[in-house]
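Each chain, written out:
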Amino acid sequence: MTEKMTHIERVLASLGDQPVDRLTVYPIACGVSRRTIGDGTMLYKDWCSDPKNYAQGLISGQKYFDLDLTVGLMDLSVIAGDFGSHVRMDEQNTPFVDDPVIKGPEDYEKLQAPDINKGRSGVILEGTKIFADALKNETITSGFLEGPLLALTQSASAEKVFMDMYNNRSAVHKALGTFTEYLRDMVKGMGQSKPAACMWDYLWASYSCLGDNEYDEFEGQYKYAGGLNELVGKEGMALAIHNCADLPHLDTQIKAMKPAAYTMAYYPLIPGSPSASEVIGKGYADNCVVCGNIDPQGYVRWSQEKMQKTTMNLCQEVKTALCARGLKSKYCIASGCEVPPSVTTRLENIKTMVDTVKQYGQVTC
Amino acid sequence: MKIAQVAGFLGSGKTTFLIELAKILVDRGHRIAIIVNDVGEINVDAKFIEMYGLKAKEISGGCICCQVAGNFANTIAILYNTFKPDIVIVEPSGVAIPWGLKRAAEYSEEEMDDVIVHAPVITLVDSLRIEELMQSVRRLVETQIREADVVFINKVDSATKEKIDLSVQFSKAINPNAEIMFGSGRNNQGVKEAATLIETRTSPRYDESYEKEMLKRDYGGGA
Ligand SMILES: Nc1nc2c(ncn2[C@@H]2O[C@H](COP(=O)(O)OP(=O)(O)O)[C@@H](O)[C@H]2O)c(=O)[nH]1
Ligand SMILES: [Mg+2]
């Protein structure tokens, strides 16, 4: 099917709330894209530790699924690993920290920032340069970085970090300062790699974990994250934020931080978890392209029919809400979080989602 | 295979409680396995955990939708396929969301030939430190109380009546439907009753509740 707009035209139109031929679509298919290379047998381990493999997966996935966007999400143990936590890296599972570098309160202040070009941070910087360059005439590209509080909770027991916010407050701030300094260098490195945008994972901005004051103090608009966001702009990239929490801090992360795009999940069983129509209805999509919220596990477990039905329902919900709000295109049909990079993820479900938006994503108010 | 979650914040007495719980259930003839948090230190009865238990990756919140789910499901399936317990007692991290864990457990069904049944989710509330918890990690504690079937006010052996009352008030305000129990893992008080609950009762499955909620949204006029 030839479409009326190119990927780039469509995304740019959506960013400016201009009319589109259909809504933008982006299943966050990152690690799983490695399976679209060649015979599909590349191991996750090889994908996430080599810049060429990482970039090749994302480039190949963009073409295979015909994606409007490309984001360089790896996994959430990159920075913790580079700071000295032990990362368990199975052949195909998502890697995770199994021995954090911070074991007690005294370790917060001992953190040593590594060289950004070493380790998997280096893989991300180098790999982002490759895919951003290769796709610059195809899609809008975005680098991906873990926010400071996420980097910290991955480097320690998350529970202890939350306790230490009270019992060892200054030590926690010291560690956040160290990560933020490191991340400033990463943003500058990312700027050199020249993706169109830089996306942060700020997942602790969740009312099931932190209130507004606490989030303001330990990541927030005025503290660590605020400065990083500003630097993203200075380095010539658009700001994007990913937060797959159940109860995200939308006022802070959308209204105050003003990202160009915000990707979020939806948890129907958690009271208060905002649906697409609520987010649009409350004005969060007025100045930001909100992306969401198909259940990532659906790509592994649903039939193609169910994926099609769910995508159609979401398109309908979004179109109705956009029209009611007087908007034309400020929502991107996306997965709520990364499409699981596992070997059992059904690639045909990813394709089905994209194709369904092509077919049913026309906004006619 | 039944999954029994013992939730609660770090230090609320989960490990102490679940070891007593496991002993009682073993005495009653059950085949028990335990999954505890790898990251929190285990300072109680490590031998017992070695005999019956398995350390798992921090069963944490954060990104429950994708990253953790697969690994946890795999752990459950391995347990079933190697040891065939009839009850698995799980100690999630204090940043976990019980719904997310139920869901991940149900995924293990793809790798084993049995169905997952959930025992009531028991959330321990540390009555000794209730004031501190209501300050420092209030939202995390609230989240776990919100999702509890049973709130177990723990450490009543050492807490004052005021603290116990405050714990009850706090819990009821968040989750008026939960059953409230009182006890002490250390003195083995209330643990037998909790064991009976786990044996005899169930808690809803994630997948069924999810489908119901989505149907309600699509057809029931809810948004
Ligand atoms: N007074 C009292 N202390 C307890 C009880 N259960 C556990 N503790 C203490 O509380 C602390 C934390 O216990 P633990 O079982 O490790 O908690 P977990 O972090 O929730 O697993 C330890 O110092 C225990 O000795 C109890 O019933 N009464
Ligand atoms: Mg414990």
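In case you missed it, the structure is sitting above this.
Keep in mind it's a predicted model, so treat the numbers as computed, not measured.

Student: Describe the nonpolar core, naming the residues involved and giving the relevant values.
Tutor: The biggest cluster of nonpolar side chains holds 148 residues, and the ones touching the most others in it are Met74, Leu152, Phe162, Trp200, Trp204, Val318 and Ile333 of chain A. No other element matches helix α8 (residues 169-193) of chain A, which puts 10 residues into this core. Beyond its immediate sequence surroundings of up to four residues, leucine 152 of chain A is in contact with Ile102, Tyr108, Val161, Val172, Ala175, Leu176 and Phe179 of chain A. If you look at the next biggest cluster of nonpolar residues, it comprises 25 residues, including Leu21, Ile24, Val150 and Met181 of chain B.

Student: Before we move on, can you summarise the packing of aromatic side chains with the specific residues and values?
Tutor: On inspection of all chains with the given rule, the structure shows 11 aromatic pairs over all chains. Look at phenylalanine 162 of chain A and tryptophan 204 of chain A: their rings are 5.1 Å apart centre to centre, the planes differ by 80°, and that puts the pair in the edge-to-face class. Of this pair, phenylalanine 162 of chain A sits in helix α7 (residues 158-167) while tryptophan 204 of chain A sits in the loop between β6 (197-201) and α9 (212-218); the two residues are 42 residues apart in sequence, bridging distant segments of the chain. Relative accessible area serves as the criterion here: at 1%, phenylalanine 162 of chain A is assigned to the buried category. The class for tryptophan 204 of chain A is buried, based on a relative accessible area of 4%. The rings of Tyr44, Trp47, Tyr54 and Phe131 of chain A are connected pair by pair, giving a single aromatic cluster. Over the face of the ring belonging to tyrosine 107 of chain B we find arginine 301 of chain A, whose NZ or CZ atom lies 3.4 Å from the ring centre.

Student: So, the coordination of the magnesium ion (ligand 2): which residues are in play, and what are the values?
Tutor: All names here are of chain B. Bound to the magnesium ion (ligand 2) are the protein donor atoms Thr15 (OG1) and Glu91 (OE), situated 2.0 to 2.3 Å from the metal. With threonine 15 in helix α1 (residues 14-27) and glutamate 91 in the loop between β4 (87-90) and α4 (98-107), the pair connects residues that are 76 residues apart, well separated along the chain. For glutamate 91, a relative accessible area of 8% puts it in the buried group.

Student: Requested: an account of the site of ligand 1, with residues and values cited.
Tutor: All names here are of chain B. For ligand 1, the set of nearby residues contains 17 residues, the closest of which are Gly11, Lys14, Thr15, Thr16 and Asp157. With respect to ligand 1, the backbone of serine 12 contributes an N or O atom lying 3.3 Å from an oxygen atom. Within the contact set of ligand 1, an oxygen atom lies 2.7 Å away from a side-chain nitrogen or oxygen of threonine 15. Across the complex, the protein chains shield 82% of the 580 Å² of accessible surface that ligand 1 would expose by itself. By residue number, the principal contributor to the shell around ligand 1 is α1, which donates 3 residues. Grouping the amino acids of the shell around ligand 1 by side-chain chemistry returns 2 nonpolar, 10 polar and 5 charged.

Student: Outline the interface of chain B and chain A, listing residues and values.
Tutor: Chain B puts 46 residues into the contact, and the matching count from chain A is 46 residues. For arginine 301 of chain A, the salt bridge goes to glutamate 110 of chain B, with nearest N and O atoms at 3.1 Å. Along the contact surface separating chain B from chain A lie 8 residue pairs in polar contact (both at pLDDT 80 or more). Elements with a contribution of two residues or more to the side of chain B that touches chain A: α3 (67-83), α4, α5 (130-135), α6 (138-146) and α9 (206-219) of chain B.

Student: Can you break down helix α8 (residues 191-200) of chain B residue by residue, with the values?
Tutor: All names here are of chain B. Restricting attention to buried positions, one finds in α8 the residues Val191, Ala194, Ala195, Leu197 and Ile198. Buried positions in α8, seen along its axis, are confined to an arc of 155° and lie on one side of it. Within α8, the exposed residues directed more than 90 degrees away from the buried face are Lys192 and Thr200. In this structure, the buried side of α8 is in contact with β1 (2-7), α1, β4, β6 (122-126), β7 (150-154) and β8 (179-182).

Student: Quick rundown of the pattern of salt bridges? Include the residues and the values.
Tutor: All told, the structure shown has 32 salt bridges over all chains when counted by the stated rule. For arginine 120 of chain A, the salt bridge goes to aspartate 75 of chain A, with nearest N and O atoms at 2.8 Å. Separated by 45 residues along the polypeptide, arginine 120 of chain A in helix α5 (residues 119-134) and aspartate 75 of chain A in the loop between β2 (69-71) and α4 (78-82) bring together distant segments of the chain. Look at arginine 120 of chain A and you get buried, because its relative accessible area is 9%. Its relative accessible area of 2% is what places aspartate 75 of chain A among the buried residues. A salt bridge links arginine 205 of chain B to glutamate 109 of chain B, with the shortest nitrogen-to-oxygen separation between them at 2.7 Å. In this pair, arginine 205 of chain B is assigned in the loop between α8 and α9 and glutamate 109 of chain B in the loop between α4 and β5 (117-118), connecting sequence segments 96 residues apart. The class of arginine 205 of chain B is buried, set by a relative accessible area of 13%. For glutamate 109 of chain B, a relative accessible area of 22% translates into the label partly exposed. Where salt bridges share partners, they join Glu3, Arg10, Asp21, Arg22 and Asp68 of chain A into one cluster.

Student: Could you give me a rundown of the state of the cysteines, with the residues and numbers involved?
Tutor: All names here are of chain A. The final tally for this structure, using the stated rule, is 1 disulfide over all chains. Each sulfur of the disulfide joining cysteine 323 and cysteine 365 lies 1.9 Å from the other. Taking the sign of the torsion about the S-S bond as the criterion, the disulfide between cysteine 323 and cysteine 365, at about -80°, is left-handed. Highlighted residues: cysteine 323 in helix α14 (residues 304-325) and cysteine 365 in the segment after α15 (347-360), separated in sequence by 42 residues. We classify cysteine 323 as partly exposed; its relative accessible area is 27%. Since its relative accessible area comes to 70%, cysteine 365 is described here as exposed. With no disulfide of its own, cysteine 198 lies 14 Å from the sulfur of cysteine 30, the closest cysteine sulfur. Residue cysteine 198 is classed as buried on the basis of its relative accessible area of 0%.

Cut-offs and rules
Residues numbered from 1 in each chain as written. Chains lettered and ligands numbered in written order. Predicted model: local features only at pLDDT ≥ 70, side-chain atom pairs only at ≥ 80, totals over all residues. Heavy atoms only, no water. Core = buried A, V, L, I, M, F, W, Y, C linked by side-chain atoms within 4.5 Å. Buried < 20%, exposed > 50% of the residue type's maximum accessible area, 1.4 Å probe, protein only. Helix = DSSP H or I, 4+ residues; strand = E, 2+ residues; numbered from the N terminus. Contact = heavy atoms within 4.5 Å. Phe/Tyr/Trp six-rings, centres within 6.5 Å; stacked < 30°, edge-to-face > 60°. Lys NZ or Arg CZ within 6 Å of the ring centre and 35° of its normal. Donors = N, O, S within 2.8 Å, 3.2 Å for Na, K, Ca; no water. Near = heavy atom within 4 Å. Polar contact = N/O pair within 3.5 Å; in protein donor to acceptor, adjacent residues only side chain to side chain. Areas by Shrake-Rupley, 256 points an atom, 1.4 Å probe, with all protein chains shown as cover. Nonpolar A, V, L, I, M, F, W, Y, C, P; charged D, E, K, R; others polar. Salt bridge = Lys/Arg side-chain N within 4 Å of Asp/Glu carboxyl O. Arc of directions from axis to C-beta. Disulfide = S-S within 2.5 Å.

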